Number of protein chains: 4
Amino acid sequence: MDKRGEGRIIPPVDRKKQVLEAATQSFSLFGYKATTMDQVAKIANVGKGTIYTFFDTKEQLFDEILLDVISEMKKIIEREVDHQKVFFDNLFRVLDSLLEFRSEHELLVKLSQEVRDFGTPQSQEAMTRVESVILNYLDKEVKHAILHQEIRECDSEIVSFLMFKMYIALTSEWNKIHEPLSKQQIQEHIRLFLEEGLAVQ
Amino acid sequence: MDKRGEGRIIPPVDRKKQVLEAATQSFSLFGYKATTMDQVAKIANVGKGTIYTFFDTKEQLFDEILLDVISEMKKIIEREVDHQKVFFDNLFRVLDSLLEFRSEHELLVKLSQEVRDFGTPQSQEAMTRVESVILNYLDKEVKHAILHQEIRECDSEIVSFLMFKMYIALTSEWNKIHEPLSKQQIQEHIRLFLEEGLAVQ
Amino acid sequence: MDKRGEGRIIPPVDRKKQVLEAATQSFSLFGYKATTMDQVAKIANVGKGTIYTFFDTKEQLFDEILLDVISEMKKIIEREVDHQKVFFDNLFRVLDSLLEFRSEHELLVKLSQEVRDFGTPQSQEAMTRVESVILNYLDKEVKHAILHQEIRECDSEIVSFLMFKMYIALTSEWNKIHEPLSKQQIQEHIRLFLEEGLAVQ
Amino acid sequence: MDKRGEGRIIPPVDRKKQVLEAATQSFSLFGYKATTMDQVAKIANVGKGTIYTFFDTKEQLFDEILLDVISEMKKIIEREVDHQKVFFDNLFRVLDSLLEFRSEHELLVKLSQEVRDFGTPQSQEAMTRVESVILNYLDKEVKHAILHQEIRECDSEIVSFLMFKMYIALTSEWNKIHEPLSKQQIQEHIRLFLEEGLAVQ
DNA sequence: CATGAATGAGGGTTCATTCAT
DNA sequence: TATGAATGAACCCTCATTCAT
């Protein structure tokens, strides 16, 4: 009867986690607008009001999910990058690890567009912040690679942007009309475009 | 009293065009769902009911805009492609012409994502049709180029998809956080990724 | 070129009549609310604005049609009633003549209910006026018949009302779920209820 | 604090009942189309959205009210009819009980016409169902009475229809222009028309 | 005078958010 | 604290009426 009694048999349910997971799932599946708070509550198996004890608004709920995704990406990147190694080496190793979280990244992509369409300025700003983290890392790495003459002279910001978009296209956008690509296929095509170019040598 | 008389005073307002332009602008700026018919009416400077004299539903209005964009693209492609010339030649010539209509293509991109999230099956089908036109052309050209050994062996469908996404990224998505790129910049980066690759030779 | 010229070949179209006929048809077929001015204009083969040169509002158009119906009824009654003859004789003769205009009376019935539901006070008052004309006549006749001991003592107003409703039921309301009754069937049932009663003698 | 404590202060409001009553009132007073959900909400003293927690659409709200009315009628009929007794005996006993629910029956009548004019096919089907229940009962009874030679030979379906319409006319339609009739008056007139006939014997 | 394109008030419905329990 | 019934602003669409031509 006393949930806080010693030896509590039933571990208290982490309602916030339930909500976050349900929301992630629903946003991922149906998009931002099409996800109703009722739906999230039902999936999370909590009362609708409960959501509002953790998050002030639907938008804030969305933002927190987004931040989670990006912080995971950041951790991966920091773990995998080793400046002793060459650019493409790092790139493909990071890519490899990132692809483990593909499904979550899919969400990020799916929503980034939508948030721009619907979100309040706050939300849009949040989204921009998220992308910046990734783009900033890429930019830094690209600049470093140019400096060490590992890749051609180029506008590092644009190149970073294209690299990011390419990753997004292969891991997420492609799936909307086709079977998902294998990890292998994704890596090969990244290599084809980024490293070698299409033209026969 | 005679409208065709010399010095025609007030040119008659083309309300349908006004509506189409207003809708294009609003869809482009705020997305599909976030664009209300009230808003379109206000921007177009017409009564809300007026819109419904030209278009049965909001969705139909959207579809018509989309179809306009795609038919323009198609015309450009058909005009510019010349199989006597080599792949990259054609590619950059088409690209060059397409870039003239950049702002309209921006709309297309912006909406493609959203439509998938929200649209009715009809709308989604419309969007898929739009993209197919482009992707089909690209696929055909890529296959042709592989056959003539102008580009490396590769999965033409995936490569086409990436080419398309790259175009979209450079002409539209980039603008959300930066100043639009110049025609030159766009072409250079397409060349960098598609033709040469990033790696120093 | 001069429509009023002598020997005008093409008789000028009576637009008002066209409108009245079209409106009668549409009201009759679809009811008051479901009849749009667009529809009336189309059926009448005139511009929508033209209707408003004859009638200030949709309601006024409806009222005029109603008045036409009632004035026809009135004429019939006045022509057929002959106080030299007995009550039931007059009743069936009037009935017989009224049934010639059944289709128009159907309209009246159909609308009477609806007008009460939707109409402005003015419209409702118009409808009441229409019914009063008939009910007043019936009341007068019933009273006369009671006085001459042709029918039983009864509340003439209620009896008149029931007679009217019975006529309406047989000529109009029945048709909504069944094949229309023949003139004969209608007369027989009026006789059954009004003259003889159902009970076996 | 304890709702079940003695002297329960505020009885909990049954919002669904409030809505049903408000809707019944408004439908009854203004008809189906002229009743807006805003109005129902205002009369029921609830938010507009509240209605939609109980009923999916305006039509469903209407249907539920209708079904309630008809199921009440059915119960009465089943309770009062006793085939040991003669036709007119049963008729007047059922009538007597039905008249207790006069105000609800008024609604039914008022709407039956309108629904035919405006309703969706579903609604119309609902209305037909309602009337069928009554007409079927009447038809069966009339047939039975003819067989037992309690009433004259006649088309039982038409006679049933007229009986129904007469009931409607006396309990509902009369009230639109006059003071409601007393139970007594209604019964007397039913007897006059159905049993005895108007003609002096 | 005849026209029909233009209008905008008003309708049913959805859903993020609140708050009494 | 957790709940979900209640809320109402905001959406898309209809149609009687107006008015420039």
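Throughout this document, residue positions are counted from 1 along each chain, in the order its sequence is written. Written order determines the labels here, with chains lettered from A and ligands numbered from 1. Predicted model: local features are reported for residues with pLDDT of at least 70 only, side-chain atom pairs are reported and counted for 80 or more only, and whole-chain, interface and lining totals are derived from all residues. The side-chain quantities take in all heavy atoms of the structure and omit both hydrogens and water.

## Focus: the UniProt feature "DNA-binding region" (unreviewed entry) in chain A
And step 1. Under the UniProt annotation, the feature "DNA-binding region" (unreviewed entry) is placed at residues 36-55 of chain A.
And step 2. Across residues 36-55 of chain A, the secondary structure splits into 75% helix and 0% strand, with the terminal C-alpha atoms separated by 14 Å. UniProt positions are given in the numbering used here, feature names are shortened, and annotations may be inferred rather than shown by experiment. By the criteria applied, helices consist of DSSP H or I runs no shorter than four residues and strands consist of E runs no shorter than two, each listed in order from the N terminus.

## Section: the protein's contact with DNA strand E
And step 1. One heavy atom within 4 Å of a molecule or strand makes the whole residue count as near it. Close to DNA strand E lie 29 residues; Arg15(B), Gly47(B), Thr50(B), Thr50(C) and Tyr52(D) are nearest.
And step 2. Here, DNA strand E places atoms within 4 Å of the protein, and 61% of those atoms are sugar or phosphate.
And step 3. The definition of a polar contact used here is a pair of N or O atoms within 3.5 Å, where within protein one atom must be able to donate a hydrogen and the other to accept one, and adjacent residues in sequence count solely through side-chain atom pairs. Residue Tyr52(A) places a side-chain N or O atom 3.2 Å away from a phosphate oxygen belonging to DNA strand E.
And step 4. A distance of 2.2 Å is found between a phosphate oxygen of DNA strand E and a side-chain nitrogen or oxygen belonging to Thr50(C).
And step 5. Secondary structure elements with two or more residues in the surface near DNA strand E: helix 3 (48-54) of chain A, helix 3 (48-54) of chain B, helix 3 (48-54) of chain C together with helix 3 (48-54) of chain D.
And step 6. Among the residues forming the surface near DNA strand E, the class breakdown is 7 nonpolar, 13 polar and 9 charged. Classes in brief: Ala, Val, Leu, Ile, Met, Phe, Trp, Tyr, Cys and Pro nonpolar; Asp, Glu, Lys and Arg charged; the others, Gly included, polar.

## Points about the nonpolar core
And step 1. In plain words, nonpolar cores are sets of buried Ala, Val, Leu, Ile, Met, Phe, Trp, Tyr and Cys residues tied together by side-chain atoms within 4.5 Å. Here the term buried applies to any residue with accessible area under 20% of the maximum for its type, exposed to any over 50%, and partly exposed to those in between, with areas from a 1.4 Å probe on protein chains only. Within the largest apolar cluster, 116 residues are counted, with the highest numbers of intra-cluster contacts made by Leu61(C) and Leu61(D).
And step 2. Apart from residues lying up to four places away in sequence, Leu61(D) is in contact with Val19(D), Leu20(D), Ala23(D), Phe27(D), Met37(D), Ile51(D) and Phe55(D).
And step 3. Core analysis: the next-biggest nonpolar cluster, separate from the first, contains 114 residues, Leu91(A), Leu95(B), Met163(B) and Trp174(B) among them. When checking whether two residues touch, look at their non-hydrogen atoms; a contact exists if any pair is within 4.5 Å.

## Observations concerning the environment of Ala23(A)
And step 1. Within the secondary structure layout, Ala23(A) lies in helix 1 (residues 15-30).
And step 2. In this structure Ala23(A) comes out as buried when scored by relative accessible area, which is 0%.

## What about the protein's contact with DNA strand F?
And step 1. Taken together, 30 residues form the shell around DNA strand F, and within it Thr50(A), Lys48(B), Arg15(D), Gly47(D) and Thr50(D) come nearest.
And step 2. Each atom of DNA strand F within 4 Å of the protein was assigned to sugar, phosphate or base; sugar and phosphate come to 63%.
And step 3. The contact in question runs from a base nitrogen of DNA strand F to an N or O atom on the side chain of Lys48(A), over 3.3 Å.
And step 4. Measuring from a phosphate oxygen of DNA strand F, one finds a side-chain N or O atom of Tyr52(C) at 3.2 Å.

## A closer look at the pattern of salt bridges
Residue and element names in this part refer to chain A.
And step 1. The salt bridge definition used is simple: a Lys or Arg side-chain nitrogen within 4 Å of an Asp or Glu carboxyl oxygen. According to the stated counting rule, one finds 33 salt bridges over all chains in the structure shown.
And step 2. For Asp 96, the salt bridge is made with Lys 183, and the minimal N-O distance between the two is 3.7 Å. Here Asp 96, found in helix 5 (residues 87-98), pairs with Lys 183, found in helix 9 (residues 183-196); they are 87 residues apart in sequence, far enough to count as distant.
And step 3. Taking relative accessible area as the criterion, Asp 96 reaches 30% and is therefore assigned partly exposed.

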